[in-house]
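Architecture and fold: a report
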Amino acid sequence: MGTVIMHNVVSVDGFIADENDGVGPLHDWYFSGDTKLTETGAGDGDYDHSKGGGGFKLSRASAAYVQPVWDSIGVIVMGRGFFDLMNGWEGQPPVGDHVVVVSHRPKPEGWHPEASYHFVDGVKAAIEKAQELAGDRVVAVSAGEVGGQILAAGLVDEVAMDVAPVVFGSGKRFFGSFDGQQQLEDPHVVVQGNRVLHLKFKVRRW
């Protein structure tokens, strides 16, 4: 089965958005360089979700890190709140082939019936479904409340953070309302880009 990686862009003080779901300068690094993602790897997907039509242009260091990460993803797991906020990217996930949504409510009636989106009640069932769909590819778990629940259930293999140099003070936490303690291994990936530090940690198993 593929690795389950909890991932998000995050502020230095641990927030993925403000109280109103605004991301402020967290994503500035996506447009701080001159390297398009599709120029750095074998993937030929369209990663232009910038809404401005210009596409992501990262620093060379960030692009070299992000491209293979995104190419490796088979399934995204997200919560219903994030799904509703983004309207599920209109049925076109930015990476991977499938999206699993953790929700007590079904897919909205008539919403993109062609889209490979699966609505599952519960985090354990969501990860089981995601791994079934992903095969040997990565399951990418969006950080936040659902990500924290999946970590608490012992189902996360790695934590990946793109740390942006900003302090939010308050907002939506990377680990949601998770209030336990979970040790991680020393970071096995440390990449410095423009306006971002990419980090990956394996979850320590006792």
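Please read all numbers here as calculations on a predicted model, not as lab measurements.

**Considerations on the overall build of the protein**
Across its full length, the protein holds four helices and 10 strands. Its helices and strands taken in sequence order, the protein reads β-β-α-β-α-β-β-α-β-α-β-β-β-β from the N to the C terminus. Oriented by its inertia axes, the alpha-carbon framework of the protein measures out at about 40 × 40 × 35 Å. Looking at the 206 residues of the protein, the share that counts as buried comes to 45%. Considering only intrachain contacts with a sequence separation of at least 6, the fraction spanning at least 24 residues in the protein is 66%.

**Observations concerning the packing of aromatic side chains**
A complete count under the given rule lists 12 aromatic pairs for this structure. Here the aromatic rings of phenylalanine 83 and tryptophan 111 are separated by 5.0 Å at their centres, their planes lie at 70°, and the arrangement is edge-to-face. Of this pair, phenylalanine 83 sits in helix α2 (residues 80–86) while tryptophan 111 sits in the loop between β4 (98–102) and β5 (117–120), placing them 28 residues apart in sequence. On the basis of relative accessibility, which here comes to 9%, the residue tryptophan 111 falls in the buried class. Their ring planes at 65° and their centres at 5.0 Å tell us that tryptophan 111 and tyrosine 117 sit as a pair that is edge-to-face. Tyrosine 117 sits in the buried class, given a relative accessible area of 4%.

**Quick look at the pattern of salt bridges**
Pairs can form between side chains of opposite charge once their charged atoms are near each other. Enumeration according to the criterion identifies nine salt bridges in this entry. In this structure, arginine 80 engages aspartate 84 in a salt bridge whose closest nitrogen and oxygen atoms are separated by 3.1 Å. Residue arginine 80 and its partner aspartate 84 are both found in helix α2; the two are separated by four residues, about one turn of the helix. Arginine 80 sits in the buried class, given a relative accessible area of 10%. Using a relative accessible area of 40% as the deciding quantity, one classes aspartate 84 as partly exposed.

**Quick look at the environment of valine 23**
The residue valine 23 is located in the loop between β2 (15–17) and α1 (60–72) in this model. Classification of valine 23 by relative accessible area gives partly exposed; the value is 28%. When the C-alpha atoms of valine 23 and glycine 135 are compared, they prove to be 32 Å apart, with 112 residues separating the residues in sequence. The contact partners of valine 23, leaving out residues within four places of it in the chain, are Ile16, Ala17 and Phe168.

**Things to note about unusual backbone geometry**
The phi angle at tryptophan 89 is positive, at roughly 50°, despite the residue not being glycine. Residue placement: tryptophan 89 occurs in the loop between α2 and β4. With a relative accessible area of 15%, tryptophan 89 lands in the buried category.

Criteria and thresholds
- Residues numbered from 1 in each chain as written.
- Predicted model: local features only at pLDDT ≥ 70, side-chain atom pairs only at ≥ 80, totals over all residues.
- Heavy atoms only, no water.
- Helix = DSSP H or I, 4+ residues; strand = E, 2+ residues; numbered from the N terminus.
- Buried < 20%, exposed > 50% of the residue type's maximum accessible area, 1.4 Å probe, protein only.
- Contact = heavy atoms within 4.5 Å.
- Phe/Tyr/Trp six-rings, centres within 6.5 Å; stacked < 30°, edge-to-face > 60°.
- Salt bridge = Lys/Arg side-chain N within 4 Å of Asp/Glu carboxyl O.

Shape descriptors only; they carry no functional weight alone.
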